[in-house]
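Here's the letter readout for the chains.
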Amino acid sequence: MTHALIVIDVQNDFCPGGALAVPDGDQIVDGINVLTNTAEAVILTQDWHPAGHSSFASSHPGHTAYDRIDMAYGPQVLWPDHCIRGSQGAAFHPDLNVERAQMIVRKGYRPGIDSYSAFFENDHTTPTGLEGYLRTRGIDTLTLVGLATDFCINFSAVDAAQLGFDVTVRLDLCRGIDLDGSLAAAKTGMKDAGVQLTL
Ligand code: VGL
Ligand code: ZN
């Protein structure tokens, strides 16, 4: 068994004061750093959108943030502009230990499609390359932490379980957005997919 810690989107825009702040998003940083210090493999993901990205409400006249629309690839929540590639908002939280990261996966960089999961874009088909990276390193067991529980953690964990990885989500080291019950639905969906949820 080879294990990796995957730290999802611990970026300024998802922390208090950021453009798409997750409540208490910064409260998990110290605990994540403790895990990072002893993990065999450390992988970070970074939400990384071009300006004018199609997941931004500002790109859809007549819509406001948190509206849901149908895109060619399926349903999409519209977000405030966030994590614009190269911006301070897209940077990792300043206290996150990034020195031990061996791989940084950027996602959401194609203008026309969002990418919640670290494994596939929101068409559930276009790979990010992370699966191949993990398999070629012999990594079969994953611990997921970070932001946001009901979006990027949820989609990443379910995809990883469906790909056959042994997946644990440390809920104490995640924080959620919670739109219309999305947090409860995410927990149920992850459990049903065979993801282990620990507190
Ligand atoms: C995320 C919404 C939009 C996330 C990313 O990291 O959970 N959520 N982009
Ligand atoms: Zn995003």
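That block above? That's the structure.
Residues numbered from 1 in each chain as written. Chains lettered and ligands numbered in written order. Predicted model: local features only at pLDDT ≥ 70, side-chain atom pairs only at ≥ 80, totals over all residues. Heavy atoms only, no water.

Here the focus is the packing of helix H3 (residues 149-162) against helix H4 (residues 182-192). Remark: H3 packs on H4, axes separated minimally by 9 Å, with the N-to-C direction vectors making an angle of 10°. Judged by the inter-axis angle, H3 sits roughly parallel to H4. Residues Thr-149, Asp-150, Phe-151, Ile-153, Asn-154, Ala-157 and Val-158 of H3 lie in contact with H4, whose contacting residues are Ser-182, Leu-183, Ala-186, Gly-189 and Met-190. Along the lines of polarity and charge, the residues of the contact of H3 with H4 split into seven nonpolar, four polar and one charged. (Axes fitted to C-alpha atoms, helices over the stretch in contact; angles between N-to-C directions. Helix = DSSP H or I, 4+ residues; strand = E, 2+ residues; numbered from the N terminus. Parallel < 35°, antiparallel > 145°, perpendicular 65-115°, else oblique. Contact = heavy atoms within 4.5 Å. Nonpolar A, V, L, I, M, F, W, Y, C, P; charged D, E, K, R; others polar.)

Turning next to the coordination of the zinc ion (ligand 2). When a metal holds four donors in a tetrahedron, each ideal angle between them is 109.5 degrees; when it holds six in an octahedron, the ideal angles are 90 or 180 degrees. Within the protein, the zinc ion (ligand 2) binds to Asp-47 (OD), His-49 (NE2) and His-82 (NE2); these donor distances fall in the range 2.0 to 2.2 Å. Bound by four donor atoms, the zinc ion (ligand 2) shows angles of 89 to 168° at the metal and therefore irregular coordination geometry. We note that the donor set of the zinc ion (ligand 2) lies within a single chain, spaced as D-x1-H-x32-H. Taken together, the positions of His-49 in the loop between strand E2 (42-47) and strand E3 (68-71) and His-82 in the loop between strand E4 (74-77) and strand E5 (103-107) put the pair 33 residues apart, joining distant regions of the chain. A relative accessible area of 3% places His-82 in the buried class. (Donors = N, O, S within 2.8 Å, 3.2 Å for Na, K, Ca; no water. Tetrahedral: all angles 85-135°; square planar, octahedral: opposite > 155°, others 65-115°. Buried < 20%, exposed > 50% of the residue type's maximum accessible area, 1.4 Å probe, protein only.)

Note that every value here comes from positions in space, so none of it alone points to a role or purpose.
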